[in-house]
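Results of the structural survey
Listed below are the residues making up each chain.
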Amino acid sequence: AAIAQYAPERPRIAPRQIAHFFRGGVWREARFSNQQSLDAAGLRGRLASSSYAPQPGTPEFRRLMEEMDRLFARYRRDGQVTVLYDTLAYYGAWH
């Protein structure tokens with residue numbers, strides 16, 4: 001929720017965009033579940049390096065980092081949090 005609030009430009013790919021890319025050919029989606037265990041600095045760095053994160057020095061970036069610090073403090077276990085995420089890969093053939 002914090003990313004959606006402070007980084008609203010986060011790209012979302014719609015199925016119609018994928019279909020357009022493959023020019024009407026058959027395509028599939030593969031989903032790979034992943035996780036990362038991060039300390040506070042790692043969490044901040046992981047988020048800051050995301051292409052959709054607000055630019056450093058902006059009020060949005062500061063607020064996002066403050067929210068990440070609050071979430072880290074709330075959910076940390078042994079000095080780390082585990083970030084769960086899915087990687088999506090689209091594959092197919094062009095016509």
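As a starting point, this report considers the structure included with it. In this text the structure is predicted, and so the values were computed from the model without any measurement.

**Structural notes on the nonpolar core**
In terms of nonpolar packing, the biggest core is built from 11 residues, these being Ala2, Leu38, Leu43, Leu47, Tyr52, Phe61, Leu64, Met65, Met68, Phe72 and Val81. For this core, the secondary structure elements donating two or more residues are helix H3 (40-48) and helix H4 (59-75). For this core, the leading source of residues is H4, giving 5 residues.

**A word on H4**
Between its first and last C-alpha, H4 extends 24 Å over 17 residues, near the 24 Å set by a 1.5 Å rise per residue. Phe61, Leu64, Met65, Glu67, Met68 and Phe72 are the residues of H4 that are buried. Here the buried residues of H4 occupy an arc of 160° about the axis, which is enough to place them on one side.

**Remarks on the packing of aromatic side chains**
This structure, assessed with the given rule, holds 2 aromatic pairs. If you follow Arg46 out to its NZ or CZ, it ends over the ring of Tyr85, 5.2 Å from the centre.

**Comments concerning unusual backbone geometry**
Residue Arg23 is not a glycine yet carries a positive backbone phi of 55°. Its place among the elements puts Arg23 in the loop between helix H2 (15-21) and strand S1 (27-38). We classify Arg23 as exposed; its relative accessible area is 52%. Positive phi values are uncommon outside glycine, yet Asp78 reaches one of about 55°. Along the chain, Asp78 turns up in the loop between H4 and strand S2 (81-92). Given a relative accessible area of 84%, Asp78 falls into the exposed group.

About the thresholds
Residues numbered from 1 in each chain as written. Predicted model: local features only at pLDDT ≥ 70, side-chain atom pairs only at ≥ 80, totals over all residues. Heavy atoms only, no water. Core = buried A, V, L, I, M, F, W, Y, C linked by side-chain atoms within 4.5 Å. Buried < 20%, exposed > 50% of the residue type's maximum accessible area, 1.4 Å probe, protein only. Helix = DSSP H or I, 4+ residues; strand = E, 2+ residues; numbered from the N terminus. Expected span 1.5 Å × (residues − 1). Arc of directions from axis to C-beta. Phe/Tyr/Trp six-rings, centres within 6.5 Å; stacked < 30°, edge-to-face > 60°. Lys NZ or Arg CZ within 6 Å of the ring centre and 35° of its normal.

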